[in-house]
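Chain residues, written in single-letter form:
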Amino acid sequence: METAGIAERILRHDRAMTIVGLGLVCLLSWAYLLSGGAMTSSGMEGDGMVGMAGPMAWSASHAALMFVMWTVMMAAMMLPGAAPMVLAVAAVDRGHRRRGLPAVSAAYFVLGYLLVWSAFSLAAVSLQWGAEAAMGVSAMTSGVGVGVGGAILIAVGLYQWTPLKDSCLRHCRSPLEFLTTRWRRGRGGAIRMGVEHGVYCLGCCWALMALLFVGGVMNLLWIAAIAGFVLVEKTAPAGRRVGRWAGAVLAALGVWMLLVAF
């Protein structure tokens with residue numbers, strides 16, 4: 001009886017525990033970014049840095065540090081917007097536990113979700129290396145230049161109006177619809193659900209993440225602005241309309257930048 005009482009108390013507080021857990025991960029991620037962990041480490045002499053705004057010779061250790069930085073940054077930016085889905089998973093799981101059905105931990109769902117963004121981080125590091133090698137500037141601190149930046153803004157702005165964006169965003173904004181059609185049991189099922197939701201989230205936000213190359217990958221104000229926009233787009237009642245109007249503004253700004261560059 002005592003064990004059952006403890007379990008019931010835990011279930012009653014699982015929403016708070018989930019919120020605290022997500023908040024802690026986000027807080028630690030932002031603390032890492034604010035501390036300049038990856039940037040400071042990459043600035044050491046032995047890591048081949050020629051100058052924080054200039055070209056650098058990438059070593060294995062520098063690439064590993066950049067991967068860590070990108071992964072932490074994605075967690076800091078994307079987990080707040082995924083919180084409604086994670087809380088929905090925890091709520092459904094609570095109901096299943098009370099009926100004696102197999103448990104699905106929200107932590108494993110988050111793990112699957114972050115696996116997708118870790119894969120994206122690996123691709124982003126490769127793109128960053130290629131951009132810095134090709135243009136001789138640091139995408140981490142200086143961005144990619146006016147011309148390329150303008151082209152990115154236009155591409156991101158147009159993507160905001162595409163059917164693929166609409167479809168992925170609809171899934172991100174509808175936790176219950178996703179869970180009723182894709183619920184799977186067990187830890188493996190939770191991870192798989194997290195991966196599937198992560199793929200939809202990636203389809204929704206990958207273009208917005210490309211904006212990091214415009215303002216500088218480690219520009220903290222730029223990171224915060226994009227993270228805030230993602231949160232509004234995914235959770236606010238008018239999020240979809242905000243996303244479309246922002247796309248129009250980004251495309252117009254990109255055209256202006258190209259005119260200035262050429």
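Structure first, text after, so check above.
Residues numbered from 1 in each chain as written. Predicted model: local features only at pLDDT ≥ 70, side-chain atom pairs only at ≥ 80, totals over all residues. Heavy atoms only, no water.

Regarding the packing of helix H7 (residues 163-172) against helix H9 (residues 186-210)
Remark: H7 packs on H9, axes separated minimally by 8 Å, with the N-to-C direction vectors making an angle of 130°. Put simply, H7 runs oblique to H9. Note that H7 runs across H9; the crossing there is left-handed. Mapping the contact onto sequence places Lys165, Cys168, Leu169, His171 and Cys172 in H7 and His197, Tyr200, Cys201, Gly203, Cys204 and Leu208 in H9. For the contact of H7 with H9, a count of residues per class yields seven nonpolar, three polar and one charged. (Axes fitted to C-alpha atoms, helices over the stretch in contact; angles between N-to-C directions. Helix = DSSP H or I, 4+ residues; strand = E, 2+ residues; numbered from the N terminus. Parallel < 35°, antiparallel > 145°, perpendicular 65-115°, else oblique. Left-handed = near helix turned anticlockwise from the far one by under 90°. Contact = heavy atoms within 4.5 Å. Nonpolar A, V, L, I, M, F, W, Y, C, P; charged D, E, K, R; others polar.)

Observations concerning the pattern of salt bridges
Per the counting criterion, the structure on display carries six salt bridges. One salt bridge in this structure joins Lys165 and Glu233, with 2.9 Å as the shortest N-O distance. In this pair, Lys165 is assigned in helix H7 and Glu233 in helix H11 (residues 220-235), connecting sequence segments 68 residues apart. Each member of the pair, Lys165 as well as Glu233, is classed as buried. (Salt bridge = Lys/Arg side-chain N within 4 Å of Asp/Glu carboxyl O. Buried < 20%, exposed > 50% of the residue type's maximum accessible area, 1.4 Å probe, protein only.)

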